[in-house]
Amino acid sequence: MARLSSLRWWQAWRRAVGRAKDESLNLSLQKDFLTAISPQLRTPLNDIIGYSEYIYHNATEPMIRFPSQIIFESGNQLLDLVNAWLDWSQLEAGQVVHMPTHFSLTEWLLDMLVQHRAQAAALDVRLVPQPHANLPPSVWLDRNHLSKVMKQLLHNAIKFSREGGVVKVAIEYRAPFHSLVFSVQDTGVGIPLDKHSSVFQRFWQNEDYIRTPYAGAGLGLALAKKWVEFMGGEMGFNSSPNVGSIFFFSLPLPGQGEGAA
């Protein structure tokens, strides 16, 4: 009887292992497929975005302008999703190269806000830059990857802000730790306490407050955190429902002599 139980247990275990291997293989194949096909989507998407924008700016009839605007916005959303998936895949595969350069944080911050001015204006949200006076005139950081993090945080802060809200973006230099602290604070809907532990998980979305079904796939914050960690930093947040959220991250600041000509 004991042998029969052991045999049944062994057979059940083998079946479970087999199912797990099949599921793991399927997930791996799906990931490989998405990684391979994503770059092939960029060219037709860029064509769709470019031509729809051209039609929108040159057409005079509302029946043509309105659909072209929808096509343009939907194309951009899909392109953002493709780019996010490619970034995630490259980070997980260790294929990302760290490329720091010298630049002014104050100028960079203003550039970030200019890029989001239209989104903020459409929702009547005011963008307020708050660079601290003690910022170095020039920093040695990976500007491209830093911009990806800030774009995601700004996009979310504006999207979840109420009409007439305010989004504050601050940068502080902490001399004792030789590090920079970035923060994006909004006066939006906030995140319930019971969902705080899920915020940085892949595919998580604040479903209670999403304004549109085209809000994204829930990769943004998980990817932003991954970029921060890639640059040697940490990310966190505080949030209260009906009060707002503040997302912040710190980055080590290498000596200003590094990489200098």
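Residues numbered from 1 in each chain as written. Predicted model: local features only at pLDDT ≥ 70, side-chain atom pairs only at ≥ 80, totals over all residues. Heavy atoms only, no water.

Caption draft 1: Structural detail: unusual backbone geometry. The backbone of Asp-124 shows a phi angle near 55°, a positive value even though the residue is not glycine. By secondary structure assignment, the location of Asp-124 is in the loop between helix H4 (117–122) and strand E2 (126–131). The phi dihedral of Asn-242 is positive, around 65°, even though this residue is not glycine. The topology assignment puts Asn-242 in the loop between strand E6 (234–240) and strand E7 (244–252). Since its relative accessible area comes to 56%, Asn-242 is described here as exposed. (Helix = DSSP H or I, 4+ residues; strand = E, 2+ residues; numbered from the N terminus. Buried < 20%, exposed > 50% of the residue type's maximum accessible area, 1.4 Å probe, protein only.)

Caption draft 2: Molecular detail of the side chain of Asp-142. Turning to its location among the elements, Asp-142 is positioned in the loop between strand E3 (139–141) and helix H5 (143–159). For the buried Asp-142, no salt bridge exists, and the shortest N-O distance to an oppositely charged side chain is 8.2 Å, to Lys-148. A polar contact of 3.0 Å, which involves the side chain of Asp-142, links it to the backbone nitrogen of Met-99. (Lys, Arg positive; Asp, Glu negative; His and termini not counted. Salt bridge = Lys/Arg side-chain N within 4 Å of Asp/Glu carboxyl O. Polar contact = N/O pair within 3.5 Å; in protein donor to acceptor, adjacent residues only side chain to side chain.)

Caption draft 3: A nonpolar patch on the surface, seen in detail. Together, Tyr-54, Ile-55 and Ile-64 make up a nonpolar patch on the protein surface, roughly 290 Å² of accessible area in all. Assignment of secondary structure puts Ile-64 in helix H2 (residues 62–92). (Patch = residues over 30% accessible without salt bridge, like charges linked within 9 Å, V, L, I, M, F, W, Y side chains within 5 Å. Areas by Shrake-Rupley, 256 points an atom, 1.4 Å probe, with all protein chains shown as cover.)

Caption draft 4: Spatial organisation of the packing of aromatic side chains. The full count for this structure, using the stated rule, is 6 aromatic pairs. A ring pair is formed by Trp-108 and Phe-182, whose centres lie 6.0 Å apart and whose planes are at 85°; its orientation type is edge-to-face. One end of the pair, Trp-108, is in helix H3 (residues 105–115); the other, Phe-182, is in strand E5 (residues 179–186), with 74 residues separating them in the sequence. Take Trp-108 and Phe-182: they sit in the same class, and that class is buried. Measuring from ring centre to ring centre gives 5.8 Å for Phe-200 and Phe-237, while their planes differ by 80°; the resulting arrangement is edge-to-face. With a gap of 37 residues between them, Phe-200 in the loop between E5 and helix H6 (220–230) and Phe-237 in strand E6 connect regions that are remote in the sequence. Within the aromatic cluster, the residues linked to one another by ring pairs are Trp-108, Phe-182 and Phe-249. (Phe/Tyr/Trp six-rings, centres within 6.5 Å; stacked < 30°, edge-to-face > 60°.)

Caption draft 5: Representation of the nonpolar core. Grouped together as the largest cluster of nonpolar side chains are 47 residues, with contacts concentrated most on Leu-105, Trp-108, Leu-180, Phe-182 and Phe-249. A total of 7 residues in this core trace back to one element, the largest contributor, which is H5. Core analysis: the second largest hydrophobic core is formed by 5 residues, Leu-45, Leu-79, Val-82 and Leu-86 among them. (Core = buried A, V, L, I, M, F, W, Y, C linked by side-chain atoms within 4.5 Å.)

Caption draft 6: Representation of the pattern of salt bridges in the model. Using the criterion set out here, one finds 3 salt bridges in the structure. The salt bridge partner of Lys-148 is Asp-87, with a shortest N-O separation of 3.2 Å. Linking Lys-148 in helix H5 with Asp-87 in helix H2, this pair joins segments that are 61 residues apart in sequence. Looking at Lys-148, the relative accessible area reads 28%, which means it is partly exposed. Of the charged contacts in the structure, one is a salt bridge between Arg-174 and Glu-172, with a shortest N-O distance of 3.9 Å. Classification of Arg-174 by relative accessible area gives partly exposed; the value is 37%.

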